[in-house]
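What follows is the residue order along each chain.
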Amino acid sequence: MIENSLRNNWKIHLFVLILVGVAEFIGVKNFNIGIGTIALFPMLYALIIGAIISLPSFNIVKMKEMNLAANILGISFMLFVAKLGMLMGPSLPKIFEAGISLGLQEAGHFAGTILLGLPIALLLGMKREAVGATFSIDREPNLAIIAEKYGSDSPEGRGAIGVYVCGTLFGALYLSVLASFMAQTGWFHPISLAMGAGVGSGSMMAAMSGALAVIFPESAKDIAVFAGAANIITTILGTYICVFFSLPFTNYLYKKLEPILGRKSKKDQNETTNIGGA
């Protein structure tokens, strides 16, 4: 079965191999822009190059191959879920020891994405895509949750992947500048900023901790340790919160707010016009 997949879809596998090789060869690049440090990561290069070669005008990757790649993406999510599950059990004692601080951090994610993001998404005209886009910060574990419940090609899946792509393109840049700005104010201890870098995203955490390490070179090792620990614990704790609270609450809030804030689709408007004409 694997041999048939390689034989029939060799172009996709070849492109993936080339993209990964080029992105890893470029590596992590840091740029000082005065007010902060911007960090660029291999994931960003691979995403941009992949988007360029998949443009219809270039006719390099066919729509059939794109659809196949989307199906393979769902399989890769399941592999990630298996890896995450093996991390969860041994890390449960760490979660309980962390106390209320990480819970408050997750409350910040909840307030920022659901309570603020969902109404804005509905006002912009999004439908079920708004659920996938706003139930979390939409990093890898969150994509796996949506892919398992709705499918990666569902409206919810498209919303989640859209935010994931935006986060990959702009999230690391934004957070590295934000971390540099907050560090230069002198309001926070370097370790507290390092723990704040653990938002549940490896690239964003690396961007923030890298920027902090440039500003606080004497604390670079501690920054890396605390940022990594906070990121792991937040990822695990956030997964439970997303499954048992954030996603159900987002669905509940969507049902309440969509009739009030949502825009009607053209299909709905036509149906309303036909009913009125009858």
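None of the values given here were measured: they were computed from a predicted structure.

A. How the structure looks around the environment of valine 225. If you trace the backbone, valine 225 turns up in helix H11 (residues 220-261). Between the C-alpha atoms of valine 225 and alanine 194, which are 31 residues apart in sequence, the distance is 8.5 Å.

B. Highlighting the confidence of the model for the chain. Within the chain, residue pLDDT values average 75, and 74% of them lie at 70 or more. Put simply, helix H12 (residues 266-277) is where the chain has its lowest mean pLDDT, 44, and helix H6 (residues 129-134) is where it has its highest, 88. Ignoring residues within four places in sequence, the model shows residues 265-278, a span with pLDDT below 50, making three contacts including any to other chains.

C. Fine view of the side chain of serine 136. Relative to the assigned elements, serine 136 resides in the loop between H6 and helix H7 (140-149). With residues near it in sequence (within four places) discarded, serine 136 still touches Thr113, Asn142 and Cys242.

D. Just the UniProt feature "transmembrane region" (unreviewed entry) in the chain, in detail. Annotation from UniProt places "transmembrane region" (unreviewed entry) at residues 12-28, 34-56, 68-87, 107-126, 161-181, 193-216 and 223-247. For residues 223-247, helix accounts for 100% and strand for 0%, while the C-alpha atoms at its two ends are 32 Å apart.

E. Summary view of the packing of H7 against helix H8 (residues 155-185). Where H7 meets H8, the axes come as close as 9 Å, and the angle between the chain directions of the two elements is 170 degrees. Considering the angle they form, H7 stands roughly antiparallel to H8. Residues Glu140, Leu143 and Ile146 of H7 form the contact with H8, whose own contacting residues are Glu156, Gly157, Ala160, Ile161 and Tyr164. Its residues assigned to classes, the contact of H7 with H8 shows five nonpolar, one polar and two charged.

F. Examining the packing of aromatic side chains more closely. A complete count under the given rule lists two aromatic pairs for this structure. Relative to phenylalanine 249, the ring of phenylalanine 245 lies with its centre 5.6 Å away and its plane at 10 degrees, an arrangement referred to as stacked. Pair noted here: phenylalanine 245 and phenylalanine 249 are both in helix H11, with a separation of four residues, about one helical turn. By relative accessible area, which is 40% here, phenylalanine 245 ends up partly exposed. Taking the centre distance of 6.4 Å and the plane angle of 35 degrees together, the rings of phenylalanine 249 and tyrosine 252 count as tilted. Of this pair, phenylalanine 249 and tyrosine 252 are both found in helix H11, three residues apart, which corresponds to roughly one turn of the helix. Using a relative accessible area of 48% as the deciding quantity, one classes tyrosine 252 as partly exposed. An aromatic cluster of at least three residues, connected via ring pairs, comprises Phe245, Phe249 and Tyr252. Geometry around tyrosine 150 places lysine 149 over its ring, the cationic atom sitting 5.7 Å from the centre.

What counts and how
- Residues numbered from 1 in each chain as written.
- Predicted model: local features only at pLDDT ≥ 70, side-chain atom pairs only at ≥ 80, totals over all residues.
- Heavy atoms only, no water.
- Helix = DSSP H or I, 4+ residues; strand = E, 2+ residues; numbered from the N terminus.
- pLDDT = per-residue confidence, 0-100.
- Contact = heavy atoms within 4.5 Å.
- UniProt positions renumbered as here; feature names shortened; annotations may be inferred.
- Axes fitted to C-alpha atoms, helices over the stretch in contact; angles between N-to-C directions.
- Parallel < 35°, antiparallel > 145°, perpendicular 65-115°, else oblique.
- Nonpolar A, V, L, I, M, F, W, Y, C, P; charged D, E, K, R; others polar.
- Phe/Tyr/Trp six-rings, centres within 6.5 Å; stacked < 30°, edge-to-face > 60°.
- Buried < 20%, exposed > 50% of the residue type's maximum accessible area, 1.4 Å probe, protein only.
- Lys NZ or Arg CZ within 6 Å of the ring centre and 35° of its normal.

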